[in-house]
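# An overview of the molecular structure
For reference, the chains in residue letters:
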Amino acid sequence: MKPENDTGNNETTFIKHAATRLDQGEQQLDSTILRQLRLSRDAALNAKNQHNTWAVSAGLASTAALVLLTVSLWNMPIFQNHASSLLDDIELLSAADDLEFYQELEFYLWLDEKQHNS
Amino acid sequence: MERFLSDIERRAYRIAFIACGNRDDALDIVQDAMMKLVTKYSDRTEQEWPPLFHRILQSTIKDSYRRTAVRNRWRRFIGSNTGIPCELEQIAKSTEPGPLQQSSNNQTVSTLDNALYHLPLRQQQAFLLRAWEGLSVKETAQAMSCGEGSVKTHYSRAIHSLRQTLGEHWS
């Protein structure tokens, strides 16, 4: 058991020794590298802001494109013709009056004219 | 996020430098890792940042390793010897203080760095993450994208190799 413990202790000591040396290496980095690292950090943080700005711009652009497409389609002649009949249909469907009134509309107009003349 | 990056950047640089043996490549690796963390994961909680950053860093190092290997294969294929020599290899061959000695200004540190550099990448990663960063086996496995058994094997082999290499320096 003792040799195994010795091996384990030696290994632990070795690892601590190595970690200490690696820490020293980190502390002894020269000013050029530290400056470069600071610049890299700033670039990364700025990239995030640019990324967000880009995302907002893309969202606005796609919304604008959608609005433009809708307006263009609405102004096309084929949509214009159908739009007027569509509006008439909507008016008919949403009217509170009985549908028969509209079916007999010509008769009522004729009756009104007749009464007016007499 | 800025505080986290400022706390971790020097260690990240050392890990990258030991892996690739070149200052510029190491700085590129650290910047790439920072960019990826900030743009993709800044909305995560602060506790999630360290494991995420280590995973990104290790992946970026692996990518850099692959790119360098492909570049070197092409250079050998076309018979070109104009590639940029590895700073750490230059140090190992030279008796003069090289860039690594200049940056660390400590012979013992340089000796350890050189020994780590010559380990296989997976062993090197396992050793640095476990022994230096103090990550658990599970965290190391997540960072290295491998199983816990592999981490134990790589770590054990790394310690064995390093003790053999550095024994005479550290006895």
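Residues numbered from 1 in each chain as written. Chains lettered and ligands numbered in written order. Predicted model: local features only at pLDDT ≥ 70, side-chain atom pairs only at ≥ 80, totals over all residues. Heavy atoms only, no water.

Our next topic: the interface of chain A and chain B. Taken residue by residue, the interface counts 32 residues in chain A and 38 residues in chain B. Regarding the contact of chain A and chain B, the summed buried area is about 3200 Å², with carbon and sulfur atoms giving 69% of it. Counting the surface chain A buries against chain B, the share from its top three residues, Phe14(A), Leu22(A) and Arg41(A), is 22%. Summed over the shared surface of chain A and chain B, the number is five salt bridges. With a closest N to O distance of 3.2 Å, Glu26(A) and Arg11(B) form a salt bridge. Along the contact surface separating chain A from chain B lie six residue pairs in polar contact (both at pLDDT 80 or more). Of all elements in the fold, only α1 (2–27) and α2 (31–75) of chain A reach the threshold of two or more residues within the side of chain A that touches chain B. In the side of chain A that touches chain B, the residues fall into 13 nonpolar, 10 polar and nine charged. (Contact = heavy atoms within 4.5 Å. Buried area = accessible area lost by both parts, 1.4 Å probe. Salt bridge = Lys/Arg side-chain N within 4 Å of Asp/Glu carboxyl O. Polar contact = N/O pair within 3.5 Å; in protein donor to acceptor, adjacent residues only side chain to side chain. Helix = DSSP H or I, 4+ residues; strand = E, 2+ residues; numbered from the N terminus. Nonpolar A, V, L, I, M, F, W, Y, C, P; charged D, E, K, R; others polar.)

Once that is clear, we can look at the nonpolar core. Residues and elements named next belong to chain B. Residues Tyr13, Phe53, Leu57, Leu116, Phe127 and Leu162 are the most contacted members of the largest nonpolar core, which totals 57 residues. Considering each element in turn, this core owes the most residues, 11 residues, to helix α1 (residues 2–20). Ignoring anything within four residues of it in the chain, the contact list for Leu57 reads Ala12, Ile15, Ile29 and Ala33. (Core = buried A, V, L, I, M, F, W, Y, C linked by side-chain atoms within 4.5 Å. Buried < 20%, exposed > 50% of the residue type's maximum accessible area, 1.4 Å probe, protein only.)

This part is about helix α5 (residues 105–117) of chain A. Its 13 residues place the ends of α5(A) 18 Å apart at the C-alpha level, agreeing with the 18 Å of an ideal helix rising 1.5 Å per residue. Of all 13 residues in α5(A), zero are buried; the element is thus mostly exposed. (Expected span 1.5 Å × (residues − 1).)

All told, the structure shown has 10 salt bridges over all chains when counted by the stated rule. A salt bridge links Arg11(B) to Glu133(B), with the shortest nitrogen-to-oxygen separation between them at 3.2 Å. Here Arg11(B) is found in helix α1, whereas its partner Glu133(B) is found in the loop between α7 (121–132) and α8 (137–144), with 122 residues between them in sequence. Put simply, Arg66(B) and Asp63(B) hold a salt bridge, and the shortest N to O gap is 3.1 Å. Of this pair, Arg66(B) and Asp63(B) both sit in helix α3 (residues 49–77), three residues apart, which is roughly one turn of the helix. Looking at Asp63(B), the relative accessible area reads 30%, which means it is partly exposed. Several salt bridges converge on common partners, so that one network encompasses Asp23(A), Glu26(A), Arg11(B) and Glu133(B).

Angle between the axes and distance between the axes are the two parameters that describe a pair of packed helices. Residue and element names in this part refer to chain B. Running from N to C, α1 and α3 point in directions that differ by 30°, and their axes come no closer than 11 Å. Overall, the two elements α1 and α3 adopt an arrangement that is roughly parallel. Where α1 crosses over α3, the two elements pack in a sense that is right-handed. Residues Phe4, Ile8, Ala12, Ile15, Ala16 and Ala19 of α1 form the contact with α3, whose own contacting residues are Trp49, Pro50, Phe53, His54, Leu57, Gln58, Ile61 and Tyr65. Each residue belonging to the contact of α1 with α3 can be placed in one class, and the counts come to 12 nonpolar, two polar and no charged. (Axes fitted to C-alpha atoms, helices over the stretch in contact; angles between N-to-C directions. Parallel < 35°, antiparallel > 145°, perpendicular 65-115°, else oblique. Left-handed = near helix turned anticlockwise from the far one by under 90°.)

Right, let's get into a nonpolar patch on the surface. Residue and element names in this part refer to chain A. Judged by side-chain polarity, Phe101, Tyr102, Leu105, Phe107, Tyr108, Leu109, Trp110 and Leu111 come together as a nonpolar surface patch covering roughly 740 Å² of accessible area. Elements with a contribution of two residues or more to the nonpolar patch: α4 (99–103) and α5. The element that contributes the greatest number of residues to the nonpolar patch is α5, accounting for six residues. Relative to the elements of secondary structure, Leu105 occurs in helix α5. Look at Leu105 and you get partly exposed, because its relative accessible area is 34%. (Patch = residues over 30% accessible without salt bridge, like charges linked within 9 Å, V, L, I, M, F, W, Y side chains within 5 Å. Areas by Shrake-Rupley, 256 points an atom, 1.4 Å probe, with all protein chains shown as cover.)

Here the focus is the packing of α1(B) against helix α6 (residues 107–117) of chain B. Residue and element names in this part refer to chain B. Packing of α1 against α6 leaves a shortest axis separation of 8 Å and a crossing angle of 60°. The angle between the axes of α1 and α6 places the two elements in the oblique class. The way α1 lies across α6 gives a crossing that is right-handed. Between α1 and α6, the contacting residues are Arg14, Ile18, Ala19 and Cys20 on the first element and Val109, Asp113, Leu116 and Tyr117 on the second. Counted by class, the contact of α1 with α6 contains six nonpolar, no polar and two charged residues.

Our focus in this paragraph is the environment of Asp113(B). Turning to its location among the elements, Asp113(B) is positioned in helix α6. When the C-alpha positions of Asp113(B) and Arg14(B) are compared, they lie 9.2 Å apart, and in sequence the two are 99 residues distant.

Residues and elements named next belong to chain B. Its place among the elements puts Asn22 in the loop between α1 and α2 (23–41). For Asn22, a relative accessible area of 10% translates into the label buried. A polar contact is formed between the side chain of Asn22 and the backbone nitrogen of Asp24, at a distance of 3.0 Å.

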